[in-house]
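# Examining the three-dimensional arrangement
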Amino acid sequence: MASKNNPSKGIFPNLIQELRSEEFKLTHRKKNQDFSRQRALGFVDLVMIQLNRLILSLSLEIENFLELIATQVNYSKQAFSKARKKLKFSAFVALNERFLLDYYSYTDFLYPD
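Residues numbered from 1 in each chain as written. Predicted model: local features only at pLDDT ≥ 70, side-chain atom pairs only at ≥ 80, totals over all residues. Heavy atoms only, no water.

This paragraph deals with the overall build of the protein chain. Summing up its helical and strand segments, the protein chain has seven helices and zero strands in all. In the protein chain, the order of α-helices and β-strands from amino to carboxyl end is α-α-α-α-α-α-α. Going through the 113 residues of the protein chain one by one, you find that 27% of them count as buried. Sequence separation of at least 24 residues holds for 68% of the intrachain contacts in the protein chain that already meet a minimum separation of 6. For the protein chain, the accessible surface area stands at approximately 8,000 Å², while carbon and sulfur atoms represent 52% of it. (Helix = DSSP H or I, 4+ residues; strand = E, 2+ residues; numbered from the N terminus. Buried < 20%, exposed > 50% of the residue type's maximum accessible area, 1.4 Å probe, protein only. Contact = heavy atoms within 4.5 Å. Areas by Shrake-Rupley, 256 points an atom, 1.4 Å probe, with all protein chains shown as cover.)

Shown next as structure tokens:
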């Protein structure tokens, strides 16, 4: 468990661990065949790019994200949109619930004695 003085050291690694788990992927994809093969932008990357507050054009956001993860692969906005359709909204609900659970478990940080 993370230090009570810095909850982000425990919250964000827990979220990343959950997001990368095979069970999470299997639970939050629409069909059994979705995200079964390795693609340029896989399940985790797809969720991460959507969590990254898309404010520019989709093409620029995808390009910036691919630069951030240091890959040489190009990914079109059509391919992104197609992959996004395979993802259940419940993935974001589950991540939010996990974040809130972890965040509010750090009451010593929020309300020191």
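Let us now look at a nonpolar patch on the surface. Judged by side-chain polarity, I16, M48 and L51 come together as a nonpolar surface patch covering roughly 220 Å² of accessible area. Position of I16 relative to the elements: it lies in helix α1 (residues 8-20). By relative accessible area, which is 31% here, I16 ends up partly exposed. (Patch = residues over 30% accessible without salt bridge, like charges linked within 9 Å, V, L, I, M, F, W, Y side chains within 5 Å. Salt bridge = Lys/Arg side-chain N within 4 Å of Asp/Glu carboxyl O.)

So, about the nonpolar core. In this structure, F24, F43, Y75 and F80 are the most contacted members of the largest nonpolar core, which totals 21 residues. Among the secondary structure elements, those contributing two or more residues to this core are α1, α3 (43-51), α4 (58-68), α5 (77-84) and α6 (90-104). A per-element tally of this core places α3 first, with four residues. Apart from the residues lying within four places of it in its own chain, the contact partners of F80 are L41, L46, I49, Q50, L58, I62 and Y75. (Core = buried A, V, L, I, M, F, W, Y, C linked by side-chain atoms within 4.5 Å.)

A few words now on the packing of α4 against α5. Interaxial distance between α4 and α5 falls to 9 Å at its minimum, and their mutual angle equals 85 degrees. Overall, the two elements α4 and α5 adopt an arrangement that is roughly perpendicular. Note on element contacts: α5 touches α4 through K77, F80 and S81, opposite L58, S59 and I62. In terms of residue class, the contact of α4 with α5 is built from three nonpolar, two polar and one charged. (Axes fitted to C-alpha atoms, helices over the stretch in contact; angles between N-to-C directions. Parallel < 35°, antiparallel > 145°, perpendicular 65-115°, else oblique. Nonpolar A, V, L, I, M, F, W, Y, C, P; charged D, E, K, R; others polar.)

A few words now on a positive patch on the surface. Where like charges cluster on the molecular surface, the positive patch consists of K31, R37, K82 and K86. Structurally, R37 is set in the loop between α2 (22-27) and α3. (Lys, Arg positive; Asp, Glu negative; His and termini not counted. Charge placed at Lys NZ, Arg CZ, Asp CG, Glu CD.)

Our focus in this paragraph is the side chain of H28. Relative to the elements of secondary structure, H28 occurs in the loop between α2 and α3. Setting aside residues up to four positions removed in sequence, H28 forms contacts with F43, K86, L87, K88, S90, A91 and A94.

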